[in-house]
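Descriptive analysis of the structure
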Amino acid sequence: GESGTGKEVAARTLHAWSPRAEGPFVAVSCAAVPETLIESELFGHEKGAFTGAVATRRGRFEQAEGGTLFLDEVGELKPELQVKLLRVLEDRRFERLGGTRTLSADVRWIAATHRDLGAMRAAGTFREDLYHRLAVFPVRLPPLRERRQDILPLTGVLLARIAAGLGRPRLELDEGARRRIAGAAWPGNVRELANALER
């Protein structure tokens, strides 16, 4: 789905409705973590594994044990990390950086991207085997312009959240504002709508 369509909200909802709901929901933005740190972020590391590793650190795979791991913007992963991720997905086993002990990963995986992984696969920038491992049950989140019937109901939910955050009992839009909101393009999708309402 495009940026702002609610991919993480959908992932959290799937987690909440699943038998793993009592377990942790751990989200990792593959685009937000620097390339030099993403491996340590996912796998964790042992003390002394690299300069600055002054203590053992559990990675996101371990933190999500028994729950759900949400890999946001998985299309941003470099090829060498894609290989390591594929191994964890297939074997459900991994080692921390600098470690020798094999750990298990009892985790539900949800991956999201705004990129066309099929095109990336064809171009050779995303591993074909990882693509097929992740695309077991693909879900496309349509942009707001393709689901205009959702705009005003979403507006009501978002206004209620904004009102609660401001300590106001209720916020409402007049008819003119409702018409403008319903007719706008919203290229930033739900995120843009929420920001516009808050502004």
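Everything below is about the structure shown above.
None of these values were measured; they are calculated from a predicted model.

With that out of the way, let us pick up the packing of aromatic side chains. Within the structure shown, the criterion is met by 5 aromatic pairs. An angle of 85° between the planes, with centres 4.9 Å apart, marks the rings of F43 and F61 as edge-to-face. Residue F43 is located in helix α2 (residues 38–43), and its partner F61 is located in helix α3 (residues 60–63); the two are separated by 18 residues in the primary sequence. Since its relative accessible area comes to 6%, F43 is described here as buried. For the pair F61 and W109, a centre-to-centre distance of 5.3 Å together with 70° between the ring planes defines the contact as edge-to-face. With F61 in helix α3 and W109 in strand β7 (residues 108–112), the pair connects residues that are 48 residues apart, well separated along the chain. In terms of burial, F61 and W109 fall into one category: buried. Put simply, the rings of F43, F61, F94 and W109 touch in pairs and so form one group of aromatic residues.

Helix α8 (residues 175–183) packs onto helix α7 (residues 151–166) with a crossing angle of 120° between their chain directions and a minimal axis gap of 9 Å. Relative to α8, α7 is oriented oblique. The chirality of how α7 crosses α8 is right-handed. Residue-level inspection shows I151, L152 and T155 of α7 in contact with α8, the latter providing R178, I181 and A182. When grouped by side-chain class, the residues that make up the contact of α7 with α8 number 4 nonpolar, 1 polar and 1 charged.

Here we come to helix α9 (residues 189–198). Listed in full, the buried residues belonging to α9 are N189, V190, L193 and L197. For α9, the angular spread of the buried residues around the axis is 105°, confining them to a single face. Of the surrounding elements, those touching the buried residues of α9 are α7 and α8.

Tracing the backbone through its elements, the reader meets T5 in the segment before α1 (7–16). On the basis of relative accessible area, T5 is assigned to the buried category, the value being 5%. Here E2 takes part through its backbone oxygen, which lies 2.9 Å from a polar atom of the side chain of T5. With residues near it in sequence (within four places) discarded, T5 still touches L141, P142, P143, R147, N189 and V190.

Moving on, we get to the sheet that holds β7. Spatially, β1-β4-β7 is the arrangement adopted by the 3 strands of the open sheet, whose pairing is parallel. In the strand order of this sheet, the two ends are held by β1 (25–29) and β7, each with one partner. Geometrically, the sheet is characterised by an average inter-axis angle of 15° between neighbouring strands, direction not taken into account. Looking at chain direction, strand β4 (residues 68–72) and β7 are connected through 5 bridges and run parallel. In the sheet register, L69 faces β7, and the bridge partner there is W109.

Here is what the cut-offs are and how they apply
Residues numbered from 1 in each chain as written. Predicted model: local features only at pLDDT ≥ 70, side-chain atom pairs only at ≥ 80, totals over all residues. Heavy atoms only, no water. Phe/Tyr/Trp six-rings, centres within 6.5 Å; stacked < 30°, edge-to-face > 60°. Helix = DSSP H or I, 4+ residues; strand = E, 2+ residues; numbered from the N terminus. Buried < 20%, exposed > 50% of the residue type's maximum accessible area, 1.4 Å probe, protein only. Axes fitted to C-alpha atoms, helices over the stretch in contact; angles between N-to-C directions. Parallel < 35°, antiparallel > 145°, perpendicular 65-115°, else oblique. Left-handed = near helix turned anticlockwise from the far one by under 90°. Contact = heavy atoms within 4.5 Å. Nonpolar A, V, L, I, M, F, W, Y, C, P; charged D, E, K, R; others polar. Arc of directions from axis to C-beta. Polar contact = N/O pair within 3.5 Å; in protein donor to acceptor, adjacent residues only side chain to side chain. Pairing = 2+ DSSP bridges.

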